[in-house]
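# Residue-level structure breakdown
Listed below are the residues making up each chain.
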Amino acid sequence: PDDNDYFEFALDVGVDFAAMSNHALFSMRHAFPHLVLDLGWLVEGRDPDLLPEGLLACARVNKVDLDKAQDIDDFLAGNTIPQTPPTTTRVA
């Protein structure tokens, strides 16, 4: 891909992961409706007997509009907001 098509960063969870990841993601909040985020959690091997490293989990987050997201406290309390069904356009 073109260098302008993607942005890559890595976080070391040995550091203050929550604060760093929250800051990084919040600073990119305005771009979320246009982003496709591929996330991976890697188990790092530091000794030769721990290699090869392994991917523990991965996820894709596709074009999230945070302004339409439900508040987590409401969600956990079981208070759901009505969802508008997606609209589809038929192409002839």
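Residues numbered from 1 in each chain as written. Predicted model: local features only at pLDDT ≥ 70, side-chain atom pairs only at ≥ 80, totals over all residues. Heavy atoms only, no water.

## Things to note about the overall build of the protein
Condition: The way it works is that DSSP assigns letters per residue, a run of H or I at least four long becomes a helix, a run of E at least two long becomes a strand, and they are numbered from the N terminus. When accessible area is computed with a 1.4 Å probe and restricted to protein chains, residues below 20% of their type maximum are described as buried, those above 50% as exposed, and intermediate ones as partly exposed. Each accessible area is a Shrake-Rupley estimate made with a 1.4 Å probe; only the visible protein chains count as cover when residues are assessed.
Counting its secondary structure elements, the protein contains two helices and two strands. Each helix (α) and strand (β) of the protein, taken in turn from the N terminus, gives the series α-β-β-α. Taking all 92 residues of the protein together, 7% fall into the buried category. About 8,700 Å² of surface is accessible on the protein, with carbon and sulfur atoms providing 57% of the total.

## Quick notes on the environment of glutamine 70
Here glutamine 70 is to be found in the loop between β2 (54-62) and α2 (72-76). In sequence terms glutamine 70 and threonine 80 are 10 residues apart; their C-alpha atoms lie 7.8 Å from each other.

## Points about the environment of asparagine 79
Quick note on the threshold: The criterion used for residue contact is that any of the two residues' heavy atoms lie within 4.5 Å.
Within the fold, asparagine 79 resides in the segment after α2. Every residue in contact with asparagine 79, bar those within four places of it in the chain, is listed here: Gln70 and Asp74.

## Comments concerning the pattern of salt bridges
Using the following cut-off: Take a side-chain nitrogen of Lys or Arg and a carboxyl oxygen of Asp or Glu: if they are within 4 Å of each other, that pair is a salt bridge.
This model, assessed by the stated rule, comprises three salt bridges. In this structure, the salt-bridge partner of arginine 29 is aspartate 67, at a minimum N-O distance of 3.6 Å. Taken together, the positions of arginine 29 in the loop between α1 (17-27) and β1 (36-43) and aspartate 67 in the loop between β2 and α2 put the pair 38 residues apart, joining distant regions of the chain. Look at arginine 29 and you get partly exposed, because its relative accessible area is 36%. Salt-bridge contacts for arginine 46 lead to glutamate 44; the nearest nitrogen and oxygen are separated by 3.4 Å. On the basis of relative accessibility, which here comes to 64%, the residue arginine 46 falls in the exposed class. Given the relative accessible area of 48%, glutamate 44 is considered partly exposed.

## Overview of the environment of threonine 80
Within the element layout of this structure, threonine 80 appears in the segment after α2. Here threonine 80 falls in the exposed class, since its relative accessible area comes to 63%.

## Here's the deal with the confidence of the model for the protein
As a reminder, the rule being used: For every residue, the predictor assigns a confidence score, pLDDT, that lies between 0 and 100.
Confidence in the prediction for the protein averages 77 pLDDT; 71% of positions are at 70 or higher. When mean pLDDT is taken per element in the protein, β2 scores highest with 89 and α1 scores lowest with 77.

## Remarks on a nonpolar patch on the surface
We apply this condition: Here the term patch refers to residues with relative accessible area over 30% and no salt bridge, with like charges joined within 9 Å and nonpolar side chains (Val, Leu, Ile, Met, Phe, Trp, Tyr) within 5 Å.
On the surface, a cluster of nonpolar side chains totalling about 400 Å² of accessible area is made up of Leu39, Trp41, Val43 and Leu56. The dominant element in the nonpolar patch, judged by the number of residues it contributes, is β1, at three residues. With respect to the secondary-structure elements, leucine 39 resides in strand β1.

## Quick look at unusual backbone geometry
Note: most peptide bonds trans; most residues except glycine with negative phi. The residue after leucine 51, namely proline 52, is reached through a cis peptide bond having omega 0°. As for its placement among the helices and strands, proline 52 is situated in the loop between β1 and β2.

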